[in-house]
Every structure is written in C-alpha cells, then in structure tokens.
Amino acid sequence: MDYATLLQILDSTIRLGTPLLIACLAGLFSERAGIFDIGLEGKMLMAAMASGAVAALSGSVWIGLLAGIGASMLFALLHGLASITFRGNQLISGVALNFLSSGITVLIAQRLFGQGGRTPPLEGAARFNPIDLPFAEALKDVPVIGPLYYEVISGHSILVYLALALVPLSWWVLSRTRFGLRLRAVGENPAAVDTAGVSVVRMRYAAVLITGVLCGIAGAYMATALQAGFGREMTAGRGYIALAALIFAKWRPWQALGATMLFGFFQALALRPDVVERTVGMKVPISALDALPYILTVLVLAGFVGKAIPPRAGGEPYVKER
Amino acid sequence: MDRLPKWADVALVPLISLLLAALVAALVLLAIGQSPVNAFNVMVDGALGSAYGWGYTLYYATSFMFTGLAVTVAFHAGLFNIGGEGQAQLGGLGVALVCLALPWPHWTLALLAATIGAAGFGAAWAAIPAYLQAKRGSHIVITTIMFNYIASAFIVYMLVDVLRPAGQMDPASARFPEGAKLPSLNEMPVLKEFFLRLNADGTPKLSKAGEAMYTGVPANVTLFIALLACVAVWALLWHTRLGFQIRAFGKSEKASRYAGINPVRITMISMLISGGLAGMMAINNVMGESERLLQNSAEGAGFIGIAVALMGRNHPIGVFLAALLFGFLYQGGAALGMNTTIPLEMRIVLQGLVILFTGALDQMVRMLLGRAFALTGMRAA
C-alpha cells in the first residue's frame, strides 16, 4: 500500500469512526451509571431522521442537529422511564426501542416527504460541510507530514472535531468531577450512593439523557455530514458496533477512541477490497472485515485479550430500601 | 406494592399491555394522517379474512413459535438468548446444505434430515456463547448479539463465495431439489378443503381439467412440528428431571449448585436446546417457503421470538397464542403495506410497541392494576 492510498484510508477511517466514537461515548455514560443500553442504534436512527428532515425543511443544519438531539433524547427518556422508574428489563426496552425507531423513522419521513421513507438530499447550509484547518493548504507540500495534515486531519466536518474533543471531556467529567464520580458510583454500588444522600434515580436519568444527547449528535452526523440526507435503516448496525467498541474499550473514554477508530479502519478497508487484496496478497472476503469488530469483541469478552469487567450494578434496577 | 391475584398477572397484565400498545399505535396512525379504524379492519381482513390470509398468518406464527420457544427454554435457565436471529440464519444454512446434498427421494426423509441439520447448526451457533458464559463468564446477551452479526457476515460469505451457483447474480443458494419440497397446507388431505377456491356463487372453482383448485399458501407441514415442539418443551420443562434442573438453575444458581446441579452442564444444555429450536425455524421459511437459502432469511423472527416469549409468559401455551398474535400482526401489517398508503414499516412499529409495553413497561401496568385492585377492595388471596 503506498502512502497516498494509506492516507485515503485513514481519512475514511476518521469519517467512519466518528459516529462510532460518539455513540460509544454515549453508551459509556449510560452503562457507567448502571443502565445497559442496546438501544444506541435506535436513538441514532431517530436522530438521523429528525435532523435530516428538519435540516431539509428549515435549510439550517444547526436546527436539524437540535431536532436530532431532541428526538434521541425523547427515546432516551422512554428508556429511562422503562428501566429506572418502572424497573423494567433494560435489554428488552432497548430491543423494543430499536424496533420502534426502525419503523417510525420511515413512517414519519414518508408522511413528510413522500419519497419512500427518505428525506430530500441536503445541500449548502442544510449540511455540515468540510472545514479546512488553518495552514492546510500552505503545508500541503511539506513531505510526509503535509499530506497527512491536509488529507487526514484537515477537511472534516465540525462534528468530527467535536467528537474528538468529547474524548478528553468525557474522561475529565467521569474521573475528575463530583458529578462523574457519583455517576460511576451509581453504576457500581447504588446503595452506597443512596446512603450518602444522592438520588440514584436522578443520577441515572442524567446519565441516560447524556446518552440521548450524544446519540443525537451521532445520528445527526450520519444524516447531515457523512451522508446528505436520511435513508431507511441508514445507521446499519453502527449502534451495535459502538456497543462492541464500548466493551472492547472496557468502558473507558480513551480506549473508546482507539477501539472505534480501529473498527472505523475495518469499515474503511471494507470499502476498498482492491487495496486489501494487494496488501495481503490474496482475496479476502469483505464479510470477514465486516465480522472482525464482533469477533475481536467476543475474544475480549472471553478474556483472551485482557479482561472486560462491566460496571457491577449494570442492568439491575435499584430498589430503594424502606 | 400490592401483589396481584394470579389470574390478573397471567391474563390481565398482557391484555392491558396489548391494549396500551394498540392505543399508542392508533395515535401514531392518527399522527401520520391515517384512520386507525380503517387500518385495523384492513389488518383483520388481510390476516384472518381469507384462506390466503390465514395461510400467511399461520406461516409466520410457525416461525415465531420456534423462536419463542427458544427464548423460553433459555429464560427458564436464567439466560437471555438474544441470538435467535443468528441461530435461525445458521439453521437455514444447515437446511440448505442438507437439501442440496442429495437428490431426496421423498419429502419425509428430506424433512427428517433437514430438521437435524437445522437444529444442529442452530445449536452449534449457540454453543460458543454458551461455553463462554459457562466457562469464562462472558455475558451471554452481549456475545449472542455479536454472534448475530458474525452469523450474517458468515452467511453473506457462504452465499456469495460458496453456495451461489455459477452465473447467478443475486446472493442465494441454488434451488432445492423437487424431492425436498414440503407439502403446504393446501396440498395436504382434509386440510386442503379449507383452502378451496370458490366462485362468487359459492361453487368450487374448477381447473380446465375439471379438478378443484386450492389457494396456494406458504404455511406448511412445519406447523405441526412447531406444535409438537410446544408439547415437547412443556414436557421437558415440567415433567423431566432435566427440566427441573433447568428451572432450579434459573431460579437460583447458588441453591441449585448446592443441590448438586452442574452449572456448566445446565448452561450448555439449555442453550443447545434453545439454539436448536431457533435453528429449526429454518425448515419453515427456508425449506417450506423460499426453497433456497437467501440473505437475511430469518427476517427478524429471532427478535420477535423475544416478544413472543414475553407475551406468552414463558409457557408453551402462551408462546403458541402469542405466536398466533404476532403472525396476525405480521401478515396484517403486510396487508396494510399492500392495500393502504400506510408504509409496510407500520408492522415494525406495532411489534416494537408490543415488546415495549409487554416486556419493559409491564411493571407500570402491574403498578396501575395494583392501585385499581386496592381501590376496589379486591385483594390477592
């Protein structure tokens, strides 16, 4: 593989890894607070539809982004209601919300635009367009580093840089703030937090709503930055890959960056079978690359690559002592 | 919180959950400018109003019985098998390999072999997550989700690179031989009279050769295997030593371990049975209907099995009834997509709502009912 091709693939790695990264951080907040969320996929899909539709109607991508976050938070709230207030099964609630979003997005898009469940193609201010970082043009001709800066690091939409900034931010919130420490404690030992006079219910709702906001950004990125408009099932299992990345990263923000970019790299490779074939020297089935993130995650789960220990109170509703 | 009387817990809670789901679905329809009454009529007519509709409803119900039973068996062992989808896809691969292996002389032989193939492949696909759960403590929910995706990637590989006949464009296996064709309900003695085609005046429609004609439906002999499976699961869980061990393990792992029940053995066995049942779904759709292996053959039935088991309160009789209900929803939803301007996706919304209300918000219904019972003075005995 020559340098130019490598840069191209790294460029798509960042583009494809970004929605995974944001969704993965979304899942991180929820699961660290003890609420399993396999509904990342559904929330992303809702946000993709809402942002695509509103951006198309209003002509402003920022209003679209807000709408996406709103739609995703609505579903997050439903998940919270089912799993925190009514102490239902968190996994089943996630499955249900995924079903619901898969259908309802098409229903709404069809009702609004009548284009077979798609939203109209977005352009101009209705889309997040690539932005050039300072000096990208000027440094383009500097050997090795110049093209890297120009091709890979510069020229993404603002949401990509936001996603990257979210990594240290999440780390700081979760490990350096009172809020973050309480949030993690709620996921490990809710009874202790309760004894200390902090409301477990309120902490968990806060975590679930943060998940909603982040999934909203991830979904909006899908419809308004990665692609130009919403199409049915456009998230295509990314919520589940993010979930796999979350486990692969052992529920930690910096590792989440590494895991999602690795999985984004696999997705980028799957788009360029010719490159893979030339590099490996034999024909590799595309489906093997598709399956790789899941296989790696299973290996991690099995304890062959380090040990993934989930938050201890994960998945269990908290019942206050009387 | 007040405890509900048993009859209310078994019958009233699912019923009210279902009504709430229907109510929200009606609101969704109103919101997209459609008439819920009209939609309901179209669904009933499309799923139950004709022999053709029944044929499809029963066909879908057959698949859902298998996947519902699969979730049920695992659930009684305290395991949440969310991997029915992948296991059913692998079951389809088993069916395809068996059916394509020989020029089968008669469908009964083919059915027997295909059933073994389907159950075997499905069980094998469940075996790895089961082993990882039993031996290495990996959470079975996450591993089975991962295995769903690995399964679909594996099936794509098998269809594109291995099973696809030369010169064919779409990723699918070759057609199964004639001898592997399962009889549909409209081809079976006695039963076929239900599918007799009638003229407008009520006389049987006759072909050119003067023979009676029947409506072709996808529901096939597999329906009876599904019914047998319901009975078998009931007998296994409540009338055998193994069933007792499975249920004891599911109720309390510590207590069952103390009673000498081997946790590794029970986890493995119940997941193998569960995966086998999910795999057996493939004789209905792959062998009975499409007669070749297609991509994404299970079409979400593995996930619907979760809803079926939930609605059916993890009892084979309940699973049977819930499978019929979901068969109705599925075929009724197809009728909506065909005969109205409501998109086909409405049926996914319906399924989602039913899962949400019966599976995740059931506690809400229980709390409400508890209040109602307390008010009317009816207490649990």
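Conventions adopted
Residues numbered from 1 in each chain as written. Chains lettered and ligands numbered in written order. Predicted model: local features only at pLDDT ≥ 70, side-chain atom pairs only at ≥ 80, totals over all residues. Core = buried A, V, L, I, M, F, W, Y, C linked by C-beta atoms within 7 Å. Buried ≥ 20, exposed ≤ 12 C-beta atoms within 10 Å, placed from the backbone. Contact = placed C-beta atoms within 7 Å. Helix = DSSP H or I, 4+ residues; strand = E, 2+ residues; numbered from the N terminus. Nonpolar A, V, L, I, M, F, W, Y, C, P; charged D, E, K, R; others polar. pLDDT = per-residue confidence, 0-100. Axes fitted to C-alpha atoms, helices over the stretch in contact; angles between N-to-C directions. Parallel < 35°, antiparallel > 145°, perpendicular 65-115°, else oblique. Left-handed = near helix turned anticlockwise from the far one by under 90°.

The nonpolar side chains of soluble globular proteins are, as a tendency, buried together. I22, C24, A218 and A245 of chain A together with M65 of chain B are the most contacted members of the largest nonpolar core, which totals 228 residues. Leave out the neighbours within four places in its chain, and I22 of chain A touches A163, L166, L214, I217, A218 and Y221 of chain A.

The interface is formed by 40 residues belonging to chain B together with 38 residues belonging to chain A. Taken together, the elements giving at least two residues each to the side of chain B that touches chain A come down to α5 (107-136), α6 (140-163), α11 (301-311), α13 (346-360) and α14 (362-376) of chain B. Counting residues per element, the side of chain B that touches chain A draws most heavily on α6 of chain B, at 12 residues. Classifying every residue of the side of chain B that touches chain A gives 28 nonpolar, eight polar and four charged.

This part is about the confidence of the model for chain B. Residue and element names in this part refer to chain B. Per-residue confidence for chain B gives a mean pLDDT of 88; residues scoring 70 or more make up 98%. The secondary-structure element of chain B with the lowest mean pLDDT is α14, recorded at 84, while helix α7 (residues 222-239) shows the highest, at 95. Across the whole predicted complex the pTM is 0.89, and at the interface the ipTM reaches 0.89.

Bringing the environment of L21 of chain A into the picture now. All names here are of chain A. Assignment of secondary structure puts L21 in helix α1 (residues 3-32). Residue L21 is classed as buried on the basis of its 29 C-beta neighbours within 10 Å. Each C-alpha atom of the pair L21 and A163 lies 6.9 Å from the other, and the pair is 142 residues apart in sequence. Those residues in contact with L21 that sit more than four places away from it in its chain are A163, A256, L257 and T260.

The packing of two helices is summarised by the inter-axis angle and the distance between the axes. Residues and elements named next belong to chain A. Viewed as axis vectors pointing N to C, helix α2 (residues 40-58) and helix α3 (residues 61-85) meet at an angle of 150°, and their least axial separation amounts to 7 Å. Taken together, the axes of α2 and α3 are roughly antiparallel relative to one another. Considering how the two elements wind past one another, α2 and α3 form a crossing that is right-handed. Contacts between α2 and α3 pair G42, K43, M46, A47, A48, A50, S51, G52, V54, A55 and S58 from the former with V61, I63, G64, L65, A67, G68, I69, G70, A71, S72, F75 and A76 from the latter. Looking at side-chain class alone, the contact of α2 with α3 contains 14 nonpolar, eight polar and one charged residues.

Let us now look at unusual backbone geometry. For R87 of chain A, which is not glycine, the phi dihedral falls at a positive 50°. Looking at the element boundaries, R87 of chain A is found in the loop between α3 and α4 (90-113). Residue N314 of chain B is not a glycine yet carries a positive backbone phi of 55°. Structurally, N314 of chain B can be placed in the loop between α11 and α12 (316-339). Look at N314 of chain B and you get partly exposed, because 19 C-beta atoms sit within 10 Å.

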